[in-house]
Amino acid sequence: MVMIRDILMYMDRVYVQQNSVDNVYNLGLIIFRDQVVRYGGIRDHLRETLLDMVMRERRGEVVDRLAIRNACQMLMVLGIEERSVYEEDFERPFLNQSSEFYKLESQKFLAENCASVYIKKVETRINEEAERAKHYLDESTESRIVEVVEEELIKKHMRTIVEMENSGVVHMLKYQKTEDLSCMYKLFHRVTEGLKTVSDCISRYLREQGKALVREDDSINAISFVQNLLDLKDRFDHFLINSFNNDKIFKHMIASDFEHFLNLNQKSPEYLSLFIDDKLKKGLKGMAEQEIESVLDKTMVLFRFLLEKDVFERYYKQHLAKRLLLNKSVSDDSEKNMISKLKTECGCQFTTKLEGMFKDMTVSNSIMEEFKEHVQLTGVSLYGVDLSVRVLTTGFWPTQSATPKCTIPSAPRNAFDAFKRFYLGKHSGRQLTLNPQLGSADLNAVFFGPKREEGEGKDGASSSTTSVSASSSVQKLGPRKHIIQVSTYQMCILVLFNKREKLTYEEIQSETDIPEKDLIRALQSLAMGKASQRVLIKNPKTKDIETSHIFCVNDSFTSKLHRVKIQTVAAKGESEPERKETRNKVDEDRKHEIEAAIVRIMKARKRLPHSSLVAEVTEQLKSRFLPSPVVIKKRIEGLIEREYLARTLEDRKVYTYVA
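Enquirer: Can you break down the overall build of the protein chain residue by residue, with the values?
Expert: Counting its regular elements, the protein chain contains 26 helices and 10 strands. Computed over C-alpha atoms, the radius of gyration of the protein chain comes to 41 Å, more than 25% over the 26 Å expected from 2.2 N^0.38 for 659 residues, which places it beyond the range of a compact globule. Burial status across the protein chain gives 44% buried among its 659 residues. Excluding contacts between residues fewer than 6 apart, the proportion of contacts in the protein chain whose partners are at least 24 apart in sequence is 71%. When the accessible surface of the protein chain is split by element, carbon and sulfur atoms take 50% of a total near 35,800 Å². Side chains of the protein chain give 103 positive and 98 negative charges; the mean places of these two sets differ by 6 Å.

Enquirer: An account of the pattern of salt bridges is needed here, citing residue identities and associated values.
Expert: Enumeration according to the criterion identifies 56 salt bridges in this entry. Salt-bridge contacts for Asp234 lead to Lys298; the nearest nitrogen and oxygen are separated by 3.1 Å. With Asp234 in helix H13 (residues 222-242) and Lys298 in helix H16 (residues 289-305), the pair connects residues that are 64 residues apart, well separated along the chain. Across the pair Glu616 and Arg605 runs a salt bridge whose closest N-O atoms are separated by 2.8 Å. Here Arg605 lies in helix H24 (residues 576-605) and Glu616 lies in helix H25 (residues 610-621), a separation of 11 residues in the sequence. With a relative accessible area of 22%, Glu616 lands in the partly exposed category. Taken together, the shared-partner salt bridges in this structure form one network comprising Glu57, Arg58, Arg65, Glu129, Glu131 and Arg132.

Enquirer: Got a sec to walk through the sheet that holds strand E5 (residues 536-539)? Specific residues and values, please.
Expert: Ordered in space as E4-E6-E5, the three strands form an open sheet in which the pairing is antiparallel. Taken across any chain shown, the strands that pair with only one partner, and hence form the sheet edges, are strand E4 (502-504) and E5. Adjacent strand axes in the sheet meet at a mean angle of 30°, parallel and antiparallel pairs treated alike. Sheet topology places E4 next to strand E6 (residues 550-553); three bridges connect them, and they run antiparallel.

Enquirer: I'd like a rundown of unusual backbone geometry, residues and numbers included.
Expert: Here the amide bond leading from Asn539 into Pro540 is cis, since omega sits at 0°, within 30 degrees of zero. The phi dihedral of Asn246 falls on the positive side, at around 55°, and the residue is not glycine. Among the secondary structure elements, Asn246 is positioned in the loop between H13 and helix H14 (248-262). In the Ramachandran plot, Tyr383 falls in the positive-phi region, its phi being about 60° despite a non-glycine side chain. Looking at the element boundaries, Tyr383 is found in the loop between helix H19 (348-378) and helix H20 (410-426).

Enquirer: I'd love a proper account of the sheet that holds strand E8 (residues 607-609), names of residues and values included.
Expert: Each strand in a sheet pairs with its neighbour through backbone hydrogen bonds, running either in the same direction (parallel) or in the opposite one (antiparallel). The strand order across the open sheet formed by three strands is E8-E10-E9, and the pairing between neighbours is antiparallel. Unpaired on one side and paired on the other, E8 and strand E9 (645-647) mark the two borders of the sheet. Each strand axis lies, on average, 30° off the axis of its neighbour in the sheet, ignoring direction. Here E9 runs beside strand E10 (residues 654-657); their pairing, made up of three bridges, is antiparallel. Looking at E10, one finds that Ala646 is bridged to Thr656. Sitting on the sheet, H25 touches E8 and E10, and the angle it makes with E8 is about 95°.

Enquirer: Tell me about the packing of aromatic side chains, and name the residues and values.
Expert: Two numbers describe a pair of aromatic rings. These are the distance of the centres and the angle of the planes. Counted according to the given criterion, the structure contains 20 aromatic pairs. Taking the centre distance of 5.3 Å and the plane angle of 15° together, the rings of Phe90 and Phe94 count as stacked. With Phe90 and Phe94 both in helix H6 (residues 84-112), this residue pair falls four residues apart, about one helical turn. Where Phe225 meets Tyr271, the ring centres are 4.9 Å apart and the plane angle is 70°; that geometry is what we call edge-to-face. Note that Phe225 is positioned in helix H13 and Tyr271 in helix H15 (residues 268-280), a separation of 46 residues in sequence. The pair Phe225 / Tyr271 is uniform in exposure class, with both members buried. Put simply, the rings of Phe303, Phe312, Tyr316 and Phe350 pair up and form one aromatic cluster. The aromatic ring of Phe258 is capped on one face by Lys233, whose charged end is 6.0 Å from the ring centroid. Over the face of the ring belonging to Tyr316 we find Arg323, whose NZ or CZ atom lies 5.5 Å from the ring centre.

Enquirer: Now, about the packing of helix H12 (residues 194-214) against H13: what can you tell me, with residues and values included?
Expert: Between H12 and H13, the shortest axis-to-axis distance is 10 Å and the interhelical angle comes to 165°. Between H12 and H13, the angle is such that the two are roughly antiparallel. Considering how the two elements wind past one another, H12 and H13 form a crossing that is right-handed. Seen from H12, the contacting residues are Ile202, Tyr205, Leu206, Gln209, Gly210, Leu213 and Val214; seen from H13, they are Phe225, Asn228, Leu229, Leu232, Arg235 and Phe236.

Reading guide: rules and limits
- Residues numbered from 1 in each chain as written.
- Predicted model: local features only at pLDDT ≥ 70, side-chain atom pairs only at ≥ 80, totals over all residues.
- Heavy atoms only, no water.
- Helix = DSSP H or I, 4+ residues; strand = E, 2+ residues; numbered from the N terminus.
- Rg over C-alpha atoms; globule rule 2.2 N^0.38 Å.
- Buried < 20%, exposed > 50% of the residue type's maximum accessible area, 1.4 Å probe, protein only.
- Contact = heavy atoms within 4.5 Å.
- Areas by Shrake-Rupley, 256 points an atom, 1.4 Å probe, with all protein chains shown as cover.
- Lys, Arg positive; Asp, Glu negative; His and termini not counted.
- Charge placed at Lys NZ, Arg CZ, Asp CG, Glu CD.
- Salt bridge = Lys/Arg side-chain N within 4 Å of Asp/Glu carboxyl O.
- Pairing = 2+ DSSP bridges.
- Axes fitted to C-alpha atoms, helices over the stretch in contact; angles between N-to-C directions.
- Phe/Tyr/Trp six-rings, centres within 6.5 Å; stacked < 30°, edge-to-face > 60°.
- Lys NZ or Arg CZ within 6 Å of the ring centre and 35° of its normal.
- Parallel < 35°, antiparallel > 145°, perpendicular 65-115°, else oblique.
- Left-handed = near helix turned anticlockwise from the far one by under 90°.

Here's what the structure looks like:
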């Protein structure tokens, strides 16, 4: 062909170009294609030989790769700058045969292997076909043959592979098979809807696990509740990074699932706040500041999933108040760090009151220094009480609207009155109310009885305000002195025993005027707490406290410690009535927030249809909570009644702002 082309070179250069006909070489190829390659049985025989050689190689036999390569190149050349001959005579039948082959092989593989082995075999087959196409088929065939393998071995069996019993995705997740999941991710990434199929299966498993963790169960405490969720999040984050290449599909799926089941339990905001409270309290053994920081970062991830962030804020404020007032914070830096995290997440408005609480503590320290100087200069009597007062701004702290009643013993009450006169003398126009809920006291106590058995006689538990004389059959031991650290309520109870030997619950309640819930908790701590902390004895010795039950001092009280802290019976979060009350307060606050948002939007827009206003209010408030359209409608009605808004005459569903 080359020699003929060279002989007729002049004709190629002149005649062929002038008349736009095929050149000599191409005419030769066309004649060879039609008269030789496609003559009679030659075409079929060539195709069958090539397909048979490929099939033999797939079964593991050795074939003449060079012969196949030359045949494929010949078919490409015969197409004369097109691939039609190669495609019709070889590629199309090759792809059809491959499709049938892998269809049967997929059924065989699935029947004989578990998911992880199947995935590895599929990966091997894809690599083999890609390598075969590179070596002796045309390079354009590679993508087509790989697509056929993916279709037959993966796409048509996606759900079967993913949901395979005892080896599918759920099995891999349960048994931490990170590498198998990674292989599955790489394979399913190749096909459309592949990753969605895997993520749907993981999502079902994750939601199932999450719902089991957040179900309403009184036996689970707040710390375990949140820790279990953090462990679950860590597990799936491990898979996300190491198996799923941080893919946004899986990232979004994990986030939306956590948001779904975390908000199924109404106690989630309270439990999250209790968990943070536990980590920020003093006395946590084995946790360095860096570890606390790491845990707080993880809890912030859960916080992002909360829809009711305003409920969390209310609980967080309560727990922060207790830490600050009872001096239980692990460090001010950790507290401020946590507040800055909340500020970054939710803005300044969210943390204004929390920052105000810290400011109050600083100001209180300064005031107490001034008061001590005042006492030294003027010689004001504090009745033997070493007084420390925290002055709290009402709007910042989670105090009750009505301060609970409580009859404070005369000495500390008189000492407080001296401080009150000093404070109001400096700050006219302010009101100062004593709040006994979060106060504490150190009492000097003397016990005269024998150590082990109950002796007759009575306690000389006295506050540092009252002197005590107690008659008792003094044993060889002699009196034992301790400092008892108690809450304000517990102090009020104990001081009663300076004058009386025995008191019934009813008598204690009438003399102290402490609210019933707080009184029961205080008495449980004093009489039914740890054996080493039982300052009082209750008769009869039952778990419940009734009005007729009698309390007396445990004269045989002993402790290795000189300073004994009476632990208050910890409540596992709030009781149902308390939770209901908190929920009502939150709902009341939400009404004002919704109304403020409506007025802000209408003031800017002047005129808006109902649906647009509801959408904008929801968008503005979703960082704190998700308002219900029904509640928004009620607030709109309320604003119309108070003439902030008005309905338009032509369309009652459109509102205008009344300036």
